[in-house]
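# Reading the structure
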Amino acid sequence: DTGVSQNPRHKITKRGQNVTFRCDPISEHNRLYWYRQTLGQGPEFLTYFQNEAQLEKSRLLSDRFSAERPKGSFSTLEIQRTEQGDSAMYLCATHGAGLHYEQYFGPGTRLTVT
Amino acid sequence: AQSVTQLGSHVSVSEGALVLLRCNYSSSVPPYLFWYVQYPNQGLQLLLKYTTGATLVKGINGFEAEFKKSETSFHLTKPSAHMSDAAEYFCAVSERGNQGGKLIFGQGTELSVKP
């Protein structure tokens, strides 16, 4: 257990529905990252926050995806109008100012779109 | 742009044998380098990292890796495999500076350990 929690752990939804995932970081970690991992592949970067500011978004993050980190604490990732291609593991990772370079990963949320 | 290549999507060794997982990177300047391990249905756990200083770095569970700038490599080794080492291993890089940043991962190598 790294101290980063994600909820839910599993989500099954029908195509076209909206879903929201939550990540709770290690306390006082100022950077928070979202990654997507499909079967047999390494994680791919989606977006990251420094405190409450979203500083970078990947081209993978289509306009159906939105992420927030209100007050620089927990973060949410929402997918609107889900498609079957959105089925993947969504991973959250955080690191703090005093812990250079090391990212601590949560257990992930596995999304299945039927 | 940075990229990471892991040679061999699947490696199988016998218990007690040497483990060697290969990683090569492409970057205009030497990046920060990482190895992560992922057990089934779990998140990623950091094994070790190279940021600066000694090029041979030791990590958890008896793993170590050596940064070779001339070969743009960061191969992971363990002298003697244990059954509990069976997992997926990912090599990753991030840009130097600014305390690091987003990780760019290789496609992963699944390690199997035979009794």
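Everything numeric here is computed off the predicted structure, so don't read it as measured data.

## As for the sheet that holds strand β1 (residues 3-7) of chain B
Residue and element names in this part refer to chain B. Strand order in the open sheet formed by five strands is β1-β3-β8-β7-β6, with antiparallel pairing between adjacent strands. Each edge of the sheet is formed by a strand with only one pairing partner; in this case those strands are β1 and β6 (56-58). Neighbouring strand axes in the sheet, compared pairwise and without regard to direction, differ in orientation by 20° on average. Bridge count between β1 and strand β3 (residues 19-26): five bridges; the pairing is antiparallel.

## Examining the confidence of the model for chain B
Overall, the predicted model of chain B reaches an average pLDDT of 92, with 97% of residues at or above 70. No element of chain B has a lower mean pLDDT than strand β5 (residues 44-50) of chain B, which averages 93, and none a higher one than strand β8 (residues 73-78) of chain B, which averages 98.

## Here's the deal with the state of the cysteines
A complete count under the given rule lists two disulfides over all chains for this structure. Disulfide partner of Cys23(A): Cys92(A), at an S-S distance of 1.9 Å. Linking Cys23(A) and Cys92(A), the disulfide has an S-S dihedral of approximately -65° and is accordingly described as left-handed. Taken together, the residues span a long stretch of sequence, with Cys23(A) in strand β3 (residues 19-24) and Cys92(A) in strand β9 (residues 88-95) at a distance of 69 residues. Here Cys23(A) matches Cys92(A) in class, with each residue buried. Note that Cys23(B) is cross-linked by a disulfide to Cys91(B), the S-S spacing being 1.9 Å. In this structure the cystine formed by Cys23(B) and Cys91(B) twists about its S-S bond by roughly -65°; its chirality is therefore left-handed. Of the two residues, Cys23(B) is situated in strand β3 and Cys91(B) in strand β9 (residues 87-94); the sequence distance between them amounts to 68 residues. Classification of Cys23(B) as buried rests on a relative accessible area of 0%.

Cut-offs used in this document
Along each chain, numbering runs from 1 in the same order as the chain's sequence is written. As a convention, the first chain written is A and the first ligand written is 1, with the rest following in written order. In view of the model being predicted, local features appear only for residues whose pLDDT reaches at least 70, and side-chain atom pairs are presented and counted only at 80 or more, with totals across whole chains, interfaces and linings using the full set of residues. Side-chain measures here rest on the full set of heavy atoms in the structure, leaving out hydrogens and waters. At least two bridges found by DSSP between two strands are what make those strands a pair. Secondary structure elements follow DSSP: runs of H or I of four or more residues count as helices, runs of E of two or more count as strands, with numbering from the N terminus. Here an angle of 0 to 180 degrees is reported between the N-to-C directions of two axes, which are lines fitted to C-alpha atoms, with helices fitted over the stretch in contact. pLDDT gives the predictor's per-residue confidence on a scale running from 0 to 100. Any cysteine sulfur atom paired with another within 2.5 Å is treated as part of a disulfide. Relative accessible area decides the class of each residue, using a 1.4 Å probe on protein chains only: under 20% of the type maximum gives buried, over 50% gives exposed, and in between gives partly exposed.

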